[in-house]
Amino acid sequence: MMKNNKVTNILLSGVGGQGAILASNILAHVFVEAGYDVKKSEVHGMSQRGGDVTTHFRYGRKVYSPLIKLGDVDFLLSFELLEALRYINYCKDSARIIINNQKIFPPAVNLGLAMYPEDIPAMFKKHFKNNVRIVNGQEIALNIGNAQAANVVLVGAFSQYFPEIKEDMWIKAITDLLPKKIHELNIRAFKEGQRISSDK
Amino acid sequence: MKKILQGNEAIARGAWEAGVTVACAYPGTPSSEILPELAQYKEITAQWSPNEKVAVEVASGAAFTGARAIACMKHVGMNVAADPFMTLAYTGTKGGFVIMVADDPNVHSSQNEQDSRNWARFAKVPMLEPGDAQECKDFTKIAFEISERFDTPVLLRGATRVSHSDSLVELEERQAAPIALGLDKKESSKYVMVPVWVRQRRIAIEERMKKLEKYADEFPYNIMEINDTKTGVITSGASYMYMKEVFPNYSYLKLGMVWPLPKKLIAKFFKKVEKIIVVEELDPFLETEVKALGYKIFHGKDRFPNMFELSPELVEKSLKGKSYKAPKIRVKTEDIPKRPPNLCPGCSHRALFYSLKKLGTFVFGDIGCYALASGPPLSAIHTTICMGAGIGGAYGAGKAIGKEGLGKMCAVLGDSTFLHGGIGPVMDTVYNKGYATTIILDNRITGMTGLQEHPGTGYTLKGEEANMIDYEQLVRALGVKNIRKVDPYNVKETMDTIKEELNRDEASVIITHNGPCMLHRREKRKFQFPYYTVDTDKCRGCKSCLDIGCPAISWIEQEGTTVDGKNRKGYVSINRLQCPGCGLCAQICKFDAIIPGQE
């Protein structure tokens with residue numbers, strides 16, 4: 001599994017309250033369990049107040065920098081369309097992109113002072129072709145009981161890129177990190193994410 | 001056993017493993033997580049102090065008895081703690097005493113950018129600088145050993161990218177602190193810092209520094225890695241991580257101890273490597289010192305910025321110069337609307353600052369969530385310096401311009417910040433006959449840093465019930481005669497009260513009530529109605545309600561007419577999921593278009 005010193009770079013982005021930090025904790029749990037060195041870095045000082053949340057997540061045999069170099073992202077996992085677009089230049093040409101199909105207007109857009117960029121999925125598809133997945137996380141999560149679980153739906157969709165990691169490791173991370181009463185909901189959310197992703 | 005920990009969690013773990021029994025702090029990003037983590041250990045008395053000066057004094061007192069103690073703060077906290085710290089550097093403490101200070105390069109959440117390494121040189125004490133979570137834990141532990149061995153406070157430097165990054169840490173067991181507890185016999189020449197004994201200690205410090213310099217050469221975390229001998233890098237902390245990532249083949253001298261410097265090791269490195277580059281965030285601290293030792297460096301601050309933070313691409317760009325190939329720009333991301341932090345929907349600060357803006361008051365502000373009212377559309381703050389500074393500022397401004405200033409200005413700060421640094425300047429305003437009006441925004445918690453208890457909340461860090469400061473009694477004891485309480489959600493009453501007090505030629509204090517932080521679980525705010533909604537038949541699209549910058553209200557651009565035939569360019573909409581029903585927007589709407597919603 002770890003023949004060379006290749007480090008894989010995953011950038012997670014979203015808006016405070018969307019559960020981006022939980023998603024990155026699930027990743028950390030899984031990749032540590034799989035025997036990798038992991039580094040994860042986030043600015044979350046004021047994210048509770050509606051600011052953007054970004055997590056740099058890196059795994060490999062030995063990881064030095066806690067930050068991903070501009071242009072070196074292998075996977076972009078984004079919980080909001082605009083927050084995906086903000087990091088489009090961070091991605092490698094070969095990057096795989098998963099975006100939650102949700103728009104949350106920033107203040108300037110709410111005030112009518114700026115426009116929310118149009119057709120973000122098309123912008124990604126232009127550059128990354130078939131490596132872009134747009135997931136209706138909210139809708140899927142709502143169908144199984146709670147829109148809050150959209151983040152775990154996204155993680156489920158994301159998990160398809162890592163066939164070497166068995167499903168039970170993801171489920172274990174979810175049950176280790178979340179309170180018992182929401183285990184069932186989140187396991188279903190994860191599996192739904194997996195399913196829609198493999199339906200492609 | 002290995003576990004993934006945040007840098008701050010690892011510092012807490014290191015302190016616990018080192019046998020620490022007393023830990024104190026005032027919260028401040030990026031250091032705030034250390035104390036709540038320490039509070040989980042039953043062996044440790046972990047507490048929020050009213051400010052960093054008190055935290056350092058309490059921790060040092062514990063260390064005087066032989067205990068191991070730690071005080072934690074952000075970089076600006078050291079400015080407050082500097083007074084006891086600079087003299088504790090003279091006395092030393094019997095038990096291990098560590099001050100953890102977290103810098104915020106690039107100012108993610110601070111009022112300035114400081115390089116705390118300067119404190120080490122200034123106070124003549126050692127400083128360690130970890131670069132990841134494992135080092136955070138290891139360095140914390142060894143800091144206590146150094147403190148006891150050399151009889152000195154030890155500084156541990158954090159930074160946003162170290163304190164707030166997670167990586168794997170090998171966990172170990174807790175060891176008891178090595179020194180027996182007790183109050184020693186009087187030793188005035190060491191602990192009573194009056195001039196005659198200060199002079200003796202001044203000499204002792206220099207001797208200690210010489211010993212520490214020798215120790216730096218054998219310090220196990222000053223590590224030389226010889227690879228390609230053409231280029232070598234002297235660096236530390238996160239900078240090492242970035243450089244190592246981008247230039248893995250260079251040779252490195254990674255300094256775990258950034259003060260004092262290991263002179264012999266540096267000499268050796270210069271012998272082994274042809275060209276030396278110094279890479280460090282913020283000030284040219286290492287560079288200046290290496291140059292002072294007589295060495296010529298190949299690159300330093302001539303290439304690397306002396307402000308903000310470094311990153312893998314920035315070190316590459318700085319060093320490669322013109323040969324740096326920037327990655328492809330697919331979209332001009334500078335043009336994408338920003339998403340700055342905002343006051344929460346329903347926040348009582350929004351209501352209060354709306355009133356101040358309407359009154360046109362010159363606001364001497366403070367740091368905390370209310371600083372978010374400085375940006376548009378509220379734009380209601382004129383100064384933000386540090387905790388408590390607004391009160392002294394408003395009082396001083398009144399002294400300069402006299403009666404001209406009456407009715408025109410006030411100081412605004414929070415409950416936690418008032419207790420931190422606001423008591424002195426209110427006392428001064430009364431004593432020296434000023435007329436400043438101070439508004440204490442009591443949201444029942446330390447908000448911005450993530451909801452920490454303080455002496456006004458009635459609870460300790462460990463969740464025990466405690467004395468609760470009565471602000472009214474407190475300011476009355478300072479001599480304030482005019483004390484008013486306002487409900488900030490009642491705009492008219494608030495504006496009338498503020499206006500009256502601003503015009504009074506005497507010190508006054510206005511305390512908000514009924515406005516706990518919207519994120520506060522214990523004092524969960526409930527409003528009369530569950531949410532408000534827009535009657536789109538009536539909304540004329542005047543945009544007045546947008547002036548409060550509430551995240552729940554948005555503008556829908558769509559030409560049309562109201563039900564009574566008035567033309568409009570668009571209308572507003574309220575997001576039911578975000579709106580907690582505070583009703584501020586409904587008070588502002590002149591057309592009764594914002595109405596209570598039903599469950």
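Look up: the structure comes first, before these words.
Now for a quick tour of the structure. Note that the structure is predicted; figures quoted are calculated from it, not measured.

Here we take up the sheet that holds strand S13 (residues 275-279) of chain B. All names here are of chain B. Read across the sheet, 4 strands follow the order S9-S11-S10-S13 without closing on themselves; strand pairing throughout is mixed. Only two strands of the sheet have a single neighbouring strand rather than two, namely strand S9 (223-225) and S13. If you compare each strand with its neighbour and ignore which way they point, the axes differ by 20° on average. With 5 bridges connecting them, strand S10 (residues 228-235) and S13 associate as parallel partners. Bridge pairing links Thr235 to Val279 in S13.

The next subject is the packing of aromatic side chains. Given two aromatic rings, their pairing is described by the distance between the two centres and the angle made by the two planes. Under the definition given, this model contains 34 aromatic pairs over all chains. On the basis of an interplanar angle of 85° and a centroid distance of 5.9 Å, the ring pair of Phe529 of chain B and Tyr532 of chain B is categorised as edge-to-face. Classification of Phe529 of chain B as partly exposed rests on a relative accessible area of 24%. Put simply, the rings of Phe31, Tyr36, Phe57, Tyr59, Phe75, Phe158, Tyr161, Phe162, Trp170 and Phe190 of chain A touch in pairs and so form one group of aromatic residues. In this structure, Lys254 of chain B is placed above the aromatic ring of Tyr240 of chain B, and the distance from its NZ or CZ to the ring centre is 5.5 Å. The residue whose ring lies beneath Lys543 of chain B is Trp555 of chain B, and the NZ or CZ to ring-centre distance is 4.6 Å.

Moving on: the pattern of salt bridges. Residues and elements named next belong to chain B. Applying the stated criterion across every chain, the model contains 51 salt bridges over all chains. Here Arg202 and Glu206 are joined by a salt bridge, their closest N and O atoms 2.7 Å apart. Note that Arg202 and Glu206 are positioned in helix H9 (residues 195-218) at a spacing of 4 residues, about one turn of the helix. For Arg202, a relative accessible area of 32% translates into the label partly exposed. Given a relative accessible area of 32%, Glu206 falls into the partly exposed group. Among the salt bridges present, the one from Glu501 reaches Arg504, with a minimum N-O distance of 2.7 Å. Linked through salt bridges whose partners overlap, the residues forming this network are Asp103, Asp115, Arg117, Glu129, Arg157 and Glu280.

Attention shifts here to the sheet that holds strand S18 (residues 508-512) of chain B. Residue and element names in this part refer to chain B. Spatially, S14-S15-S16-S18-S17 is the arrangement adopted by the 5 strands of the open sheet, whose pairing is parallel. Edge strands, defined here as strands with exactly one partner in the open sheet, are strand S14 (362-364) and strand S17 (482-486). In this sheet, neighbouring strand axes are inclined to one another by 25° on average, regardless of whether the strands run parallel or antiparallel. Looking at chain direction, S17 and S18 are connected through 5 bridges and run parallel. Looking at S18, one finds that Asn482 is bridged to Ser508. Running at roughly 155° to strand S16 (residues 437-441), helix H14 (residues 348-359) makes contact with S14, strand S15 (409-414), S16 and S18 of the sheet. Packing of helix H16 (residues 415-431) onto the sheet brings it into contact with S15, S16 and S18, and relative to S15 it is tilted by some 135°.

The next point concerns helix H4 (residues 75-91) of chain B. Residue and element names in this part refer to chain B. A rise of 1.5 Å per residue sets the reference length of H4, with its 17 residues, at 24 Å; its end C-alpha atoms lie 23 Å apart and thus fit the reference within 8%. Of all 17 residues in H4, 12 are buried, a share of seventy percent or more. Every buried residue of H4 is accounted for by His75, Val76, Gly77, Met78, Ala81, Ala82, Pro84, Phe85, Met86, Leu88, Ala89 and Thr91. Immediately downstream of H4, the backbone of Gly92 shows phi near 70°, a positive value.

The next thing to look at is the interface of chain A and chain B. In this assembly, 53 residues from chain A lie in contact with 50 residues from chain B. Between chain A and chain B, the buried area comes to about 4500 Å², and carbon and sulfur atoms account for 58% of it. At the boundary of chain A with chain B, the tally comes to 19 residue pairs in polar contact (both at pLDDT 80 or more). Secondary structure elements with two or more residues in the side of chain A that touches chain B: helix H1 (20-33), strand S2 (37-43), strand S3 (52-60), helix H2 (81-85), strand S5 (91-100), helix H3 (107-110) and helix H4 (120-128) of chain A. At 7 residues, S2 of chain A tops the list of elements feeding residues into the side of chain A that touches chain B. Residue composition of the side of chain A that touches chain B, by class: 28 nonpolar, 12 polar and 13 charged.

Before going further, it helps to spend a moment on the environment of Val125 of chain B. Residues and elements named next belong to chain B. Among the secondary structure elements, Val125 is positioned in the loop between helix H5 (117-123) and strand S6 (127-128). According to the relative accessible area criterion, Val125 is buried, its value standing at 0%. Measuring from C-alpha to C-alpha, the distance between Val125 and Lys338 comes to 42 Å, with 213 residues separating the pair along the chain. Once residues within four sequence positions are removed from consideration, Val125 is found in contact with Phe85, Ala89, Ala120, Thr152, Pro153, Leu155, Arg208 and Trp259.

Cut-off values and rules
Residues numbered from 1 in each chain as written. Chains lettered and ligands numbered in written order. Predicted model: local features only at pLDDT ≥ 70, side-chain atom pairs only at ≥ 80, totals over all residues. Heavy atoms only, no water. Pairing = 2+ DSSP bridges. Helix = DSSP H or I, 4+ residues; strand = E, 2+ residues; numbered from the N terminus. Axes fitted to C-alpha atoms, helices over the stretch in contact; angles between N-to-C directions. Phe/Tyr/Trp six-rings, centres within 6.5 Å; stacked < 30°, edge-to-face > 60°. Buried < 20%, exposed > 50% of the residue type's maximum accessible area, 1.4 Å probe, protein only. Lys NZ or Arg CZ within 6 Å of the ring centre and 35° of its normal. Salt bridge = Lys/Arg side-chain N within 4 Å of Asp/Glu carboxyl O. Contact = heavy atoms within 4.5 Å. Expected span 1.5 Å × (residues − 1). Buried area = accessible area lost by both parts, 1.4 Å probe. Polar contact = N/O pair within 3.5 Å; in protein donor to acceptor, adjacent residues only side chain to side chain. Nonpolar A, V, L, I, M, F, W, Y, C, P; charged D, E, K, R; others polar.

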